[in-house]
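Summary of the model geometry
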Amino acid sequence: MIRDLLIFPALVSCLIMAITFNPHEYSLLVVLFLVIVRIAFLKNLKLIIFTTLLGLLMGGYAHHQMISKPSMPSNVTQLTLAPDNLKVSGDLLSGMATSGKQKYKIYYRIPTEHDKESWKNLDKIVDTKIKAKNIESIKVQRNPGEFNYSEYLNHKKIYYSITIDKFEKITPKLDLSIKDRINVLRIHLIKRFDQLPKWLKIHAHSLLLGYNDNEDEGFLSSLSTLGIIHLFSLSGLHVIILLSFVRKICSSIRITREFVDTTMLIILPMYGIFVGSKPGIWRAIVLAMVGIVCLKLDVVLSKTDIFAVTMVICLLIDPYALMDMGGQLSFLLSFALLFLSSGNVFVQTMKINLVSLPIILFKTYQFSWLILLANLIFVPIFEYVILPVTIISAIFVNSGMPIWRIFNFVFEKMYGLMSILSNNNDYLFITGTLPVVFVLILTVIGLFISEEKKHLKKYLIWYLIILVSVICLNKFPIRGQVAMIDVGQGDSILITTPINRKVYLIDTGGKLGFPQKEWQKRKQLNQVETSTIPYLKSLGINHIDKVFLSHKDVDHIGNLETLVDKFPVREVDFGSGLEQNFKISSLIKNNPQIKFNRLQTGDSFRVGNINWNILWPKEKSIGENGDSLTILAKIQNSNWLFTGDLDKNSEKKILDSQRFHVDYLKVGHHGSKTSSSEKFIQSISPKLALISAGINNRYGHPNKETIDTLDKYRVDHMNTADYGMIIWYYYPFGNKNEITTFLKGEVVEDNRVKTEAK
């Protein structure tokens, strides 16, 4: 018999699928081996056979998902759009559309304000005829620490994006499937709930429909930081509450439990589709349905067996269910609750947080000291105030009851306070990412903590020892680095020192904006928010010691204000005269906590075991390309030259007054022909030149003339457009160093360039 042992084949299936999707995560192979050894020690032949067959089946299923990616079409002329899959922000329409069985990510620049209102008010599923401007693969992640959006979409079976030139025809879809009809009901309810006050509307959308229109992105960010976002992400908790609510209502009017359960076998899958088919929802729905079926068939299964069956069915429904943080936390916490020992609310909340913490740190690199307190205070408010008010207000949308405005005012103040607390860096602890092997170890120990009473202290001590050790390795790294962050067509370079880490940033990147009408303006994150800060946090960095500003161009310092606002910065240095720039003078005035320094030729200092020498500007300037702050830094035993957008004329002036050689050159002006003269390259004789440029940028950077010059003097060169982030690592002892790239791995070791770098 394999009863009470079904968790083992389920675990094997889960691990095999995870390994298929992540073949380079070797720690998963180790865990799989340990589970197989445990199964072997049980000496249960039926279990071994069943586990083998199920593992092969699920592995084959996962492999099929991997190889079933459709080829990119040469053209798409027809798309079906559903309003709940679309988002209008400024003059941009984006979202998900289908053509036949294939799903696409779409982008469309809305031409007029009238068209914008039409798209915002769309309340039907429509068939469209389009003229596609561009079809391409989803853009891949280019820096460590970034949210992997291409992987996220791939898990939803979206592999290509379409930029739409124009819609030639838009008509309501007539041939609606059952799924479409369910979706239409959802669309109508979304529009209905739009009539509620702001916070009641957000609650109704997220808690009853599983819909998020991103009206207040700061709200979700605050919930995430405080560790309570799971309450507002429609999940198993809400399905259980809904099921209990229906059963109690039916019982009060004398409808039998058997009839209710039979009806639920039909209604629950429809509800799963209705709220957007999320992993947490399907887990709860399948769990409830398995329980109902077992009851009807008079089959007795343990809690762990029911959970195991549920997990396998969910993986068949969505093979990527456990690949994203939402699904991982949903299944993990559901499993932990099966074994959670009794105790007071504080202890139980702490145990559950310890189980989920490793995955949260692996994905977000931080936690708030207020997580435990937030859960203790907010969960009762959610259960006894927010959820009932949401349900009642959704029923009486058109009543115009004054009490809804009162509740909305209370929620406004409550979430305002939460925003202040979540954005206060004093309550935020940045840990850095955790290696997968330690995530697995800590999760297992967390599960033991949730179950144990006798040995709780022993497991807790081991948990803390491992967690603190990993965090210390992040905070006091054994190697330093120079990282050219891929910010597209711009510059941003991170420099850190080993052990007692110091952190420096040269430029912040930025994107040139164009004048827009008010209706065209849209909210969007810049490179500092999507790339730089996540990378810093992934390393366990909680502040920047010094930011160097090369000159005034937007593609170099356009994101400075965001950086200062979102991340602690202690000092900002720039070329003499740049303080007269309006943007910089405003920054100085509004940030008295930051030290600002003017630099010019001849200034030098040693900070963090790095010798910094300022080569340019020679005198007070206005921050043009030719005035770029030019820094010669000796890091370990290597000379690095950072030139901003320095032009050929200023290069010549530098060479007229001094001679030096460099090992690594940050090529001026993204490889433009206005920089990197032959005389300059010949004189400084770099071993490797690094270029920061955007993919297919409008300026044609790097120019052929610059590349020819580098080739002529046998200077190897690398471009972020080809490699993504480029990182030079060095160690405090000896001369060992290496260069790795995010997209192509290691290409340079101890100054020897591998063939892949060519």
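The structure this text deals with has already been given above.
Residues numbered from 1 in each chain as written. Predicted model: local features only at pLDDT ≥ 70, side-chain atom pairs only at ≥ 80, totals over all residues. Heavy atoms only, no water.

**A word on the pattern of salt bridges**
Our working definition: Only one rule defines a salt bridge in this text: a Lys or Arg side-chain nitrogen within 4 Å of an Asp or Glu carboxyl oxygen. Secondary structure elements are taken from DSSP: a helix is a run of H or I of four residues or more, a strand is a run of E of two residues or more, and numbering for both begins at the N terminus. Relative accessible area decides the class of each residue, using a 1.4 Å probe on protein chains only: under 20% of the type maximum gives buried, over 50% gives exposed, and in between gives partly exposed.
Overall, the coordinates contain 24 salt bridges when judged by the stated rule. Here Asp491 makes a salt bridge to Lys666, at a shortest N to O gap of 2.6 Å. In this pair, Asp491 sits in the loop between strand 8 (480-484) and strand 9 (493-496) while Lys666 sits in strand 18 (residues 664-666), placing the two residues 175 residues apart along the sequence. Residue class for Lys666 comes out buried when judged on its relative accessible area of 2%. Between Asp573 and Lys546 there is a salt bridge; the shortest N-O distance is 3.0 Å. Here the residue Asp573 occupies a position in strand 12 (residues 571-575), and Lys546 occupies one in strand 11 (residues 546-549), the gap between them amounting to 27 residues. When its relative accessible area of 7% is taken as the criterion, Lys546 is described as buried. Several salt bridges share partner residues, and in doing so they unite Asp91, Arg109 and Arg522 into one network.

**Topic: the sheet that holds strand 3 (residues 102-109)**
Rules: Paired strands, as defined in this entry, are two strands with at least two bridges between them according to DSSP. In this description, a line fitted to the C-alpha atoms serves as the axis of each element, helices being fitted only across the stretch in contact, and the angle between N-to-C directions of two axes falls anywhere from 0 to 180 degrees. We call two residues contacting when some pair of their heavy atoms lies within 4.5 Å.
If you walk around this closed barrel you meet the 5 strands as 1-2-3-5-4, and the pairing is mixed. With strand direction ignored, the average angle separating the axes of adjacent strands in the sheet is 45°. Pairing of strand 1 (residues 78-89) with strand 2 (residues 92-99), which is carried by 6 bridges, proceeds in the antiparallel orientation. Following the sheet pairing, Lys87 is matched in strand 2 by Ser94. Relative to the sheet, helix 4 (residues 113-120) contacts strand 1, strand 2, strand 3 and strand 5 (158-172), its axis offset from that of strand 1 by approximately 100°.

**Thoughts on the layout of surface pockets**
For clarity, the cut-off: Cavities and pockets were defined on a 1 Å grid built over protein atoms only: a cavity is a set of grid points that admits a 1.4 Å probe from which the probe cannot escape, a pocket is an open set flanked by protein on both sides within 12 Å along at least five of seven lines, and lining residues are those with an atom within 4 Å of any such point. Grid points are joined across faces, edges and corners, and a volume is the space filled by probe spheres set on the points. Any residue that is not Ala, Val, Leu, Ile, Met, Phe, Trp, Tyr, Cys, Pro, Asp, Glu, Lys or Arg is counted as polar, Gly included; the first ten are nonpolar and the last four charged.
Put simply, the second largest pocket is a space of about 560 Å³. If you go around the second largest pocket, you meet 20 residues; those closest to its centre are Leu208, Leu209, Leu242, Tyr271 and Phe274. For the lining of the second largest pocket, the secondary-structure elements that each account for two or more residues are helix 6 (178-193), helix 7 (198-208), helix 9 (236-252), helix 10 (257-274) and helix 15 (371-395). In terms of residue class, the lining of the second largest pocket is built from 19 nonpolar, 1 polar and no charged.

**Quick look at the packing of helix 12 (residues 303-317) against helix 13 (residues 325-339)**
Condition: Oblique is the label for any angle not covered by the other classes, which are roughly parallel (under 35 degrees), roughly antiparallel (over 145) and roughly perpendicular (65 to 115).
Where helix 12 meets helix 13, the axes come as close as 10 Å, and the angle between the chain directions of the two elements is 170°. In terms of orientation, helix 12 lies roughly antiparallel with respect to helix 13. Here helix 12 contributes Lys303, Thr304, Phe307, Met311 and Cys314 to the contact with helix 13, which in turn contributes Phe331, Ser334, Phe335, Leu338 and Phe339. Of the residues contributing to the contact of helix 12 with helix 13, the split by class is 7 nonpolar, 2 polar and 1 charged.

**A closer look at empty space enclosed by the protein**
Summed over the entire model, instances satisfying the criterion amount to 2 cavities of 30 Å³ or more. Within this model, the second largest cavity holds a volume of roughly 30 Å³. Around the second largest cavity sit Asp491, Ile493, Ile506, Asp507, Ser550, Leu629, Phe642, Thr643, Gly644 and Lys666, which together line it. Looking at the lining of the second largest cavity residue by residue, the class counts come to 4 nonpolar, 3 polar and 3 charged.

**Thoughts on the nonpolar core**
Which entries qualify depends on this criterion: What makes a nonpolar core is a set of buried Ala, Val, Leu, Ile, Met, Phe, Trp, Tyr and Cys residues whose side-chain atoms join them at distances within 4.5 Å.
Formed by 83 residues in total, the largest nonpolar core has its most connected members in Phe232, Phe378, Ile386 and Tyr415. Ranked by residue count, the leading element in this core is helix 1 (residues 7-21), at 10 residues. Among all residues touching Ile386, those that are not within four sequence positions of it are His203, Leu207, Phe232, Phe378, Ile381, Phe411, Met414 and Tyr415. Core analysis: the next-biggest nonpolar cluster, separate from the first, contains 32 residues, Ile485, Val528, Leu539 and Ile541 among them.

**Brief notes about the packing of aromatic side chains**
Filter applied, for reference: Here the aromatic set is Phe, Tyr and Trp, taking the six-membered ring for Trp, and pairing holds for ring centres within 6.5 Å; pairs whose planes are under 30 degrees apart are stacked, those over 60 apart are edge-to-face, and all others are tilted. Cation placement over rings: the criterion is NZ of Lys or CZ of Arg within 6 Å of the ring centroid and within 35° of the ring normal.
This model, assessed by the stated rule, comprises 28 aromatic pairs. Aromatic side chains Trp640 and Tyr664 sit 4.6 Å apart centroid to centroid with 25° between the ring planes, which places their arrangement in the stacked category. Note that Trp640 is positioned in strand 17 (residues 638-642) and Tyr664 in strand 18, a separation of 24 residues in sequence. Relative accessible area serves as the criterion here: at 1%, Tyr664 is assigned to the buried category. Three or more aromatic residues joined by ring pairs make a cluster, and in this case those are Trp199, Phe219, Trp404, Phe407, Phe411 and Tyr415. A cation sits over an aromatic face here: Lys458 above Tyr459, 5.5 Å from the ring centre. Over the face of the ring belonging to Phe605 we find Lys546, whose NZ or CZ atom lies 5.2 Å from the ring centre.

**Structural notes on the pairing of strand 2**
Count of turn residues in the strand 1/strand 2 antiparallel hairpin: 2 residues, of which Gly90 carries a positive phi of about 60°. Pairing of strand 2 with strand 3 involves 8 bridges; the strand directions are antiparallel. Within strand 3, the position partnered with Ser94 by the bridge is Tyr107. Here strand 2 hands over to strand 3 after 2 residues, with Gly100 in that stretch at a positive phi of 70°.

**Comments concerning helix 12**
For the record, the criterion: To estimate the expected span of a helix, count its residues, drop one, and scale the result by 1.5 Å.
A rise of 1.5 Å per residue sets the reference length of helix 12, with its 15 residues, at 21 Å; its end C-alpha atoms lie 21 Å apart and thus fit the reference within 8%. Within helix 12 the residues assigned to the buried category are Thr304, Asp305, Ile306, Phe307, Ala308, Thr310, Met311, Val312, Cys314 and Leu315. Along its buried surface, helix 12 packs onto helix 1, helix 3 (45-67), helix 11 (279-297) and helix 13.

**Here we look at the side chain of Thr349**
Note the threshold: Whenever a nitrogen or oxygen atom comes within 3.5 Å of another N or O atom, the pair is scored as a polar contact, on the condition that within protein one atom can donate a hydrogen and the other can accept it, and that pairs from neighbouring residues in sequence are kept only if both atoms are in side chains.
Mapping Thr349 onto the fold places it in helix 14 (residues 345-364). Classification of Thr349 as buried rests on a relative accessible area of 17%. Separated by 2.8 Å, the side chain of Thr349 and the backbone oxygen of Val345 make a polar contact. The residues contacting Thr349, other than those within four sequence positions of it, are Leu372, Asn375 and Leu376.

**What about unusual backbone geometry?**
Going from Trp616 to Pro617, the amide bond is cis rather than trans, its omega being 10°. Within the secondary structure, Pro617 is located in the loop between strand 15 (610-616) and strand 16 (630-635). The omega angle of the peptide bond from His701 to Pro702 is -5°, so this bond is cis rather than trans. On the secondary structure map, Pro702 appears in the loop between strand 19 (688-691) and helix 25 (704-712). Even without glycine at this site, Asp298 takes up a positive phi of about 60°. Here Asp298 shows up in the loop between helix 11 and helix 12. Unusually for a residue other than glycine, Arg714 sits at a positive phi of about 55°. Structurally, Arg714 is set in the loop between helix 25 and strand 20 (716-719).

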